[in-house]
Amino acid sequence: MAGLILWGVGTSRTLRAHWALCFLGLNYETRVIRTRTPDMESEEYRSINPRGKVPTLQDGELTLTESPAIVTYLAETYSTAEKALIPTQKSARAEYFEWLSFISMELDATSLYVLRRHEGLPEIYGPAPDACQVAREYFHRMITAGSLRLEDGRRFLVGDDFTGVDILMTTCLDWAKRYGMPLPPAFSSYRSRIDDEPSTALAFAANAVK
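Residues numbered from 1 in each chain as written. Predicted model: local features only at pLDDT ≥ 70, side-chain atom pairs only at ≥ 80, totals over all residues. Heavy atoms only, no water.

In globular proteins that are soluble, nonpolar side chains generally tend to be buried together. Core analysis: the largest hydrophobic core is formed by 54 residues, its most contacted members being Ile103, Leu157, Met169 and Phe187. For this core, the elements supplying multiple residues, two or more each, are β1 (4-7), α1 (12-23), α3 (67-78), α4 (90-120), α6 (129-147), α7 (164-178) and α8 (185-194). At eleven residues, the largest contribution of residues to this core is made by α4. For leucine 157, the residues in contact, after removing those within four places along its chain, are Glu95, Trp99, Ile103, Leu150, Val165, Asp166, Met169, Phe187 and Tyr190. (Core = buried A, V, L, I, M, F, W, Y, C linked by side-chain atoms within 4.5 Å. Buried < 20%, exposed > 50% of the residue type's maximum accessible area, 1.4 Å probe, protein only. Helix = DSSP H or I, 4+ residues; strand = E, 2+ residues; numbered from the N terminus. Contact = heavy atoms within 4.5 Å.)

What the rule picks out here adds up to 15 salt bridges. The partner of glutamate 95 in a salt bridge is arginine 149, with the nearest N and O atoms 3.2 Å apart. Here glutamate 95 is found in helix α4, whereas its partner arginine 149 is found in the loop between α6 and α7, with 54 residues between them in sequence. Assessed through its relative accessible area of 30%, arginine 149 is described here as partly exposed. Put simply, glutamate 95 and arginine 154 hold a salt bridge, and the shortest N to O gap is 2.6 Å. In this pair, glutamate 95 sits in helix α4 while arginine 154 sits in the loop between α6 and α7, placing the two residues 59 residues apart along the sequence. (Salt bridge = Lys/Arg side-chain N within 4 Å of Asp/Glu carboxyl O.)

Attention now goes to the packing of α4 against α6. Put simply, α4 and α6 touch, their axes get as near as 9 Å, and they point 155° apart. One way to sum up the angle between α4 and α6 is to call them roughly antiparallel. Like other packed secondary-structure pairs, α4 and α6 cross with a definite hand, here left-handed. On the side of α4, the interface is formed by Trp99, Phe102, Glu106, Leu107, Thr110, Ser111, Leu112, Val114, Leu115, His118 and Glu119, while α6 contributes Ala131, Cys132, Ala135, Arg136, Tyr138, Phe139, Met142, Ile143 and Gly146. Per-class residue counts for the contact of α4 with α6 are 13 nonpolar, four polar and three charged. (Axes fitted to C-alpha atoms, helices over the stretch in contact; angles between N-to-C directions. Parallel < 35°, antiparallel > 145°, perpendicular 65-115°, else oblique. Left-handed = near helix turned anticlockwise from the far one by under 90°. Nonpolar A, V, L, I, M, F, W, Y, C, P; charged D, E, K, R; others polar.)

Note: β1 against strand β2 (residues 28-31), four bridges, orientation parallel. Across the sheet, isoleucine 5 pairs through a bridge with glutamate 29, a residue of β2. Chirality of the crossover, the property in question, places the unit of β1, α1 and β2 among those that are right-handed. (Pairing = 2+ DSSP bridges. Right-handed = clockwise from strand over helix to strand, strands pointing away.)

Attention shifts here to the layout of surface pockets. Taken as a whole, the largest pocket encloses approximately 850 Å³ of empty space. Lining the largest pocket are 33 residues, and of these Thr11, Ser12, Arg13, Val54 and Tyr113 sit closest to its centre. Mapped onto the lining of the largest pocket, the elements with two or more residues apiece are α1, α3, α4, α7 and α9 (199-207). In terms of residue count, the dominant contributor to the lining of the largest pocket is α4 (six residues). (1 Å grid on protein atoms, 1.4 Å probe; cavity = no way out; pocket = protein on both sides within 12 Å on 5 of 7 lines; lining within 4 Å. Points joined across faces, edges and corners; volume = space filled by probe spheres on them.)

A word on the sheet that holds β2. Taking strand neighbours across the sheet as the criterion, the four strands line up as β2-β1-β3-β4 in an open arrangement whose pairing is mixed. Either end of the sheet is taken by a strand with one partner, and the two such strands are β2 and β4 (62-65). The average angle at which neighbouring strand axes cross in this sheet is 20°, direction not considered. Contacting β1 and β2, α1 runs over the sheet at an angle of about 155° to β1.

Nothing here speaks to function; it is geometry throughout.
This is how it looks when you write it as structure tokens:
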């Protein structure tokens with residue numbers, strides 16, 4: 001097998017992978033597979049990703065799952081001097097990975113995914129209003145603390161250059177807005193700046209369910 005293949009469309013997490021590929025200008029094949037459909041249970045897909053989740057990236061002999069890992073792998077492997085999704089300077093890289101952990105754990109897994117399960121899919125996971133209220137309060141506390149980093153006038157999360165963690169943060173901010181959670185002013189302005197990045201529209205189009 002040769003070339004880049006991305007399995008999955010239509011979710012915030014598949015958007016992350018499409019976005020990294022689009023930003024880096026990479027040619028890749030999209031396998032149109034959607035979460036919670038029979039395609040996810042097919043023998044072919046389960047042989048590639050036994051967890052039965054999307055996205056999944058195939059790059060030659062490498063198969064990789066988990067959207068933060070996919071974004072960072074593409075950034076490490078395919079960034080160039082002209083288009084880079086991860087810093088090369090040591091302290092900036094450390095900040096990249098700090099943001100990566102913060103977004104993945106404190107915003108996504110601990111807060112937003114609780115809402116996704118119990119408000120978005122109560123027919124599967126059951127309602128849990130107390131847990132959802134705590135998740136909302138925790139998200140507010142974490143995103144407010146995170147906004148302090150933007151007070152130095154930086155354009156993006158790790159300075160003035162767009163990186164992979166901006167992709168991850170944007171999906172979380174959009175997710176939060178869909179659940180009616182207000183954003184701190186610094187992150188509202190930040191989100192507006194993301195739309196000026198040319199790859200944003202390309203990524204949303206690539207991830208759209210046709």
